[in-house]
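# Descriptive structure summary
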Amino acid sequence: MYWYWDPTYILVIIGMLLCMGASALVNSTMNRYSTVRNAGGMTGAEAARRILSNEGLYNVQIECLKDTRGDHYDPRTNTVRLSYDNYNQASVTAVGVAAHECGHAIQHAKGYAPLNFRSALVPVANIGSRLGLPLILLGVLLSWNQVLIEIGIWAFALAVLFQLVTLPVEFNASSRAVAKIEQYGLLGTEETKGCKKVLTAAAMTYVAAAASSILQLLRLILLFGGNRRRDD
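Residues numbered from 1 in each chain as written. Predicted model: local features only at pLDDT ≥ 70, side-chain atom pairs only at ≥ 80, totals over all residues. Heavy atoms only, no water.

Strand order across the open sheet formed by 3 strands is 1-3-2, with mixed pairing between neighbours. Both outer strands of the open sheet, strand 1 (61-64) and strand 2 (72-74), are each paired with one neighbouring strand and no more. Mean inter-strand twist for the sheet, computed between neighbouring axes without regard to direction, equals 25°. The sheet contact formed by strand 2 and strand 3 (residues 79-82) spans 3 bridges and is antiparallel. When the bridges of strand 3 are listed, His72 appears paired with Arg81. The sheet contacts of helix 4 (residues 92-110) involve strand 2 and strand 3, and relative to strand 2 the element is tilted by about 25°. (Pairing = 2+ DSSP bridges. Helix = DSSP H or I, 4+ residues; strand = E, 2+ residues; numbered from the N terminus. Axes fitted to C-alpha atoms, helices over the stretch in contact; angles between N-to-C directions. Contact = heavy atoms within 4.5 Å.)

Shown next as structure tokens:
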């Protein structure tokens, strides 16, 4: 029975609660300001084009996604992709999210080091997230093969490192977004305050994800690290 429940599960529960709380916060904040139409009537797509043009990034494309989520910047194709609502709506949320993704485009254009490091980590982080736990499980099944277990833990640690590197990238993109919104007068003073709340809430999801990953890594180390072996 101890195999299925042990004190380290509390770390998993804490991680889940953090992620659930952050998700609830970002959804509540974004939904609130998605109903607030900005005074200039500027859609997310228009805000993105204004920022990119003023920054001289005419080569960056702006695409509309069919889904209502999934906003991101793709450095491989120099494309800002906005969810359907954020692309078409003239809300405070739409402008804030669009400006944030343009922040990533600006990072890319300026060779922002953490972004380059994160991009370089993507392949190994994907491998780590996919193979970390299976390798640990395989090591346990093979009479607690400590070599496989430790390789699995290190692989999972790479995925955690990716989460940590993501934090400065996201916070910097939001900082750039607010600066450009103010510089180019895309939102009024009160609207900008709402935009900051949206971006801060979104950033908390990355903080929660990183914290959850660290807690999971700690649990794996406690359960499988060292030369521990279960005989039950």
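So, next bit.
Of the two faces of strand 3, the one carrying Thr79 and Arg81 and the one carrying Val80 and Leu82 are both buried. Across 4 bridges, the pairing between strand 1 and strand 3 is parallel. Residue pairing across strands places Gln61 opposite Thr79, the latter belonging to strand 3. Where strand 2 folds back on strand 3, the antiparallel hairpin that results is connected by 4 residues, among which Asn78 adopts a positive phi of roughly 55°. (Buried < 20%, exposed > 50% of the residue type's maximum accessible area, 1.4 Å probe, protein only.)

A word on the packing of aromatic side chains. Aromatic ring pairs are defined here through the distance separating the ring centres and the angle between the ring planes. What the rule picks out here adds up to 1 aromatic pair. For the pair Trp144 and Phe224, a centre-to-centre distance of 5.7 Å together with 40° between the ring planes defines the contact as tilted. You can see Trp144 sitting in the loop between helix 5 (113-141) and helix 6 (146-183) and its partner Phe224 sitting in helix 7 (residues 189-224), a full 80 residues away along the chain. Like Trp144, the residue Phe224 is buried in the burial classification. One residue, Arg176, lies across the ring of Tyr112, its end atom 5.4 Å from the ring centre. Across the ring face of Tyr9, the terminal group of Arg219 is positioned such that the distance to the ring centre comes to 4.2 Å. (Phe/Tyr/Trp six-rings, centres within 6.5 Å; stacked < 30°, edge-to-face > 60°. Lys NZ or Arg CZ within 6 Å of the ring centre and 35° of its normal.)

Here we take up the nonpolar core. Counting residues in hydrophobic clusters, the biggest one holds 28 residues, and the most contacted among them are Ile51, Leu52, Val60, Val80, Ala105, Ile181 and Leu186. Element by element, the count of residues in this core is highest for helix 4, at 7 residues. Residues contacting Leu52, with those up to four places away along its chain left out, are Leu57, Tyr58, Val60, Ile62, Val80, Cys102 and Ala105. Grouped together as the second largest cluster of nonpolar side chains are 12 residues, Trp144, Ile149, Leu223 and Phe224 included. (Core = buried A, V, L, I, M, F, W, Y, C linked by side-chain atoms within 4.5 Å.)

Our next topic: helix 5. Relative to the 42 Å expected for 29 residues at 1.5 Å per residue, helix 5 spans 41 Å between its end C-alpha atoms, a close match to the ideal helical length. At Val122, helix 5 shows its maximal kink, close to 45°; a proline, Pro123, follows between one and four residues later. Within the span of helix 5, buried status applies to Leu115, Arg118, Leu121, Ala125, Gly128, Gly132, Ile136, Gly139 and Val140. On its buried side, helix 5 packs onto helix 4, helix 6 and helix 7. One or two positions beyond helix 5, positive phi appears at Ser143, with a value near 55°. (Expected span 1.5 Å × (residues − 1). Bend = angle between axes of the 7 residues up to and from the residue.)

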